[in-house]
Amino acid sequence: MAMAYMWGGMIVISVLFGLFNGNMEAVSNAALNGARSAIDLSISMAGILCLWSGVMEIMNVCGISTVLARCFRPVLRFLLPKASQDSETVAAVSANISANLLGLGNAATPLGIQAARRMARGCNGVASNELCLLVVLNTASIQLLPTTIASVRAAYGCATPFDILPAVWLSSICSVTVGLLVSWLLSRRKGEHG
């Protein structure tokens, strides 16, 4: 609801400044051009999202997701020992991580929600340390292929949309490392005070 007020406030302020400065035509043109540009971007991103969501579905059908789940299982057993006891939860977390590795946040979200729901059972409305860690891993995910960012760059005319790979790899590894460290420190602090 707060975002609706913020967006509404920005629109009202823009219109008032346009009226006050006599630039109402410029405000109208900017609104129309912004709407057209948003539609163009949405259509180009929808194509890329469909492509990579299709790749994820092919990975599921071919069994590649199962192989990835097996590869992630040792790490997940270490990070999420309770959740790794349930094969469906591990499968959902592994699929979530796989989607995030491909930069598909939109495809990763339902998988993360599915894993979170399974992990939240028996928590009595209080998030466990493992559930919080899942949120951290999902939010600060390591991306091998930043497909969403690359599609936005390609939509705006970038000739080499994937030239940001080294920067993305470095920043995502740093964010996951910091997220894991902070999560570990907070869970220890909670254990001392809880």
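To keep things clear, this report deals only with the structure shown in the data block. Keep in mind that this is a model prediction, so the values were computed, not measured.

## Re the side chain of Thr 89
As for its position among the elements, Thr 89 is in helix H4 (residues 87–101). Overall, Thr 89 belongs to the buried group, its relative accessible area being 2%. Residues within four places of Thr 89 in sequence aside, it is in contact with Ala 83, Ala 115, Arg 118 and Met 119.

## A look at the packing of helix H2 (residues 24–62) against helix H7 (residues 147–155)
With their axes 9 Å apart at the nearest point, H2 and H7 run at an angle of 140 degrees to one another. With respect to H7, the element H2 is oriented oblique. Considering only the axes of H2 and H7, their crossing is right-handed. Contacts between H2 and H7 involve Leu 41, Ser 44, Met 45, Ile 48 and Trp 52 on the former and, on the latter, Thr 147, Thr 148, Ser 151, Val 152 and Ala 155.

## Side note on the packing of helix H3 (residues 64–79) against H4
When two helices pack together, their arrangement is captured by the angle between the axes and the distance separating the axes. It is at 9 Å that the axes of H3 and H4 come closest, and there the two elements cross at 105 degrees. Judged by the inter-axis angle, H3 sits roughly perpendicular to H4. For the pair H3 and H4, contact is made by Leu 68, Ala 69, Phe 72, Arg 73 and Leu 76 and by Val 90, Val 93, Ser 94, Ile 97, Ser 98 and Leu 101, respectively. Tallied by class, residues from the contact of H3 with H4 come to eight nonpolar, two polar and one charged.

## Topic: the nonpolar core
Membership of the largest hydrophobic core comes to 16 residues, with the highest contact counts inside it found for Leu 76, Leu 80, Val 93, Ala 115, Met 119 and Leu 134. Among the secondary structure elements, those contributing two or more residues to this core are H3, H4, helix H5 (105–120) and helix H6 (129–139). Sequence-distant contacts of Leu 76, that is, excluding residues within four places in its chain, are made with Pro 81, Ser 84, Val 90, Val 93, Ser 94 and Ile 97. Ranked by size, the runner-up nonpolar core spans eight residues in total, among them Met 59, Leu 102, Ala 107 and Ala 108.

About the cut-offs
Residues numbered from 1 in each chain as written. Predicted model: local features only at pLDDT ≥ 70, side-chain atom pairs only at ≥ 80, totals over all residues. Heavy atoms only, no water. Helix = DSSP H or I, 4+ residues; strand = E, 2+ residues; numbered from the N terminus. Buried < 20%, exposed > 50% of the residue type's maximum accessible area, 1.4 Å probe, protein only. Contact = heavy atoms within 4.5 Å. Axes fitted to C-alpha atoms, helices over the stretch in contact; angles between N-to-C directions. Parallel < 35°, antiparallel > 145°, perpendicular 65-115°, else oblique. Left-handed = near helix turned anticlockwise from the far one by under 90°. Nonpolar A, V, L, I, M, F, W, Y, C, P; charged D, E, K, R; others polar. Core = buried A, V, L, I, M, F, W, Y, C linked by side-chain atoms within 4.5 Å.

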